[in-house]
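Single-letter residue listing:
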Amino acid sequence: MANFNKTKSNFLKVKCIDCGNQQIIFDHAASNVQCIICGKTLVKPKGGKSEIVAQIIEVLD
Ligand SMILES: [Zn+2]
C-alpha cells in the first residue's frame, strides 16, 4: 500500500504572517525555511511533505 507521494514539487510564493514579507519557497523543503526578513519559520519538513506555516499567495509550476 505504498501511497507514493505523487504531489509534484512546487515552488510557492508565500507571505510571512508576521512581517508580510513575500518570498518564494520550495514546497518539499528538507529543512526549515525561514523568512529572510524576520526569521520566522515558514516551512517545516514533515515526513517527506512540508508543512507551510505562511500564507500561500501563489503556486508556481
Ligand atoms: Zn517575516
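Residues numbered from 1 in each chain as written. Predicted model: local features only at pLDDT ≥ 70, side-chain atom pairs only at ≥ 80, totals over all residues. Heavy atoms only, no water.

## Examining the nonpolar core
Working step 1: In terms of nonpolar packing, the biggest core is built from nine residues, these being L12, V14, C16, I25, A29, C35, L42, V43 and A54.
Working step 2: Ignoring sequence-local partners within four residues, the contact set of L12 consists of Q23, I24, I25, D27, I52, I56, E58 and V59. (Core = buried A, V, L, I, M, F, W, Y, C linked by side-chain atoms within 4.5 Å. Buried < 20%, exposed > 50% of the residue type's maximum accessible area, 1.4 Å probe, protein only. Contact = heavy atoms within 4.5 Å.)

## Things to note about the sheet that holds strand β4 (residues 41–46)
Working step 1: The strand order β3-β4-β5 describes an open sheet built from three strands, whose pairing is antiparallel. The open sheet is flanked by β3 (33–34) and β5 (49–52), the only strands paired with a single partner.
Working step 2: In the sheet, β4 pairs with β5 via four bridges, with the strands oriented antiparallel. Looking at the pairing, P45 lines up with S50 of β5. (Pairing = 2+ DSSP bridges. Helix = DSSP H or I, 4+ residues; strand = E, 2+ residues; numbered from the N terminus.)

## Points about the coordination of the zinc ion
Working step 1: Protein coordination at the zinc ion: the donors are C16 (SG), C19 (SG), C35 (SG) and C38 (SG), at 2.3 to 2.4 Å from the metal.
Working step 2: Between the donor residues of the zinc ion, the gaps in sequence give the motif C-x2-C-x15-C-x2-C.
Working step 3: Since its relative accessible area comes to 4%, C35 is described here as buried.
Working step 4: Classification of C38 as partly exposed rests on a relative accessible area of 38%. (Donors = N, O, S within 2.8 Å, 3.2 Å for Na, K, Ca; no water.)

## Observations concerning the environment of A54
Working step 1: Within the secondary structure, A54 sits in the loop between β5 and β6 (55–60).
Working step 2: For the pair formed by A54 and V43, sequence separation is 11 residues and the distance between their alpha carbons is 7.5 Å.
Working step 3: Those residues in contact with A54 that sit more than four places away from it in its chain are V14, K15, I17 and L42.

## Some details on the sheet that holds strand β1 (residues 11–15)
Working step 1: With antiparallel pairing, three strands are arranged side by side in an open sheet as β2-β1-β6. The open sheet terminates on both sides in strands that have one partner only, identified here as β2 (22–26) and β6. Shown here is a sheet whose adjacent strand axes are inclined to one another by a mean of 30°, direction ignored.
Working step 2: Across five bridges, the pairing between β1 and β6 is antiparallel. For K15, the partnering residue across the bridge sits in β6 and is Q55. (Axes fitted to C-alpha atoms, helices over the stretch in contact; angles between N-to-C directions.)

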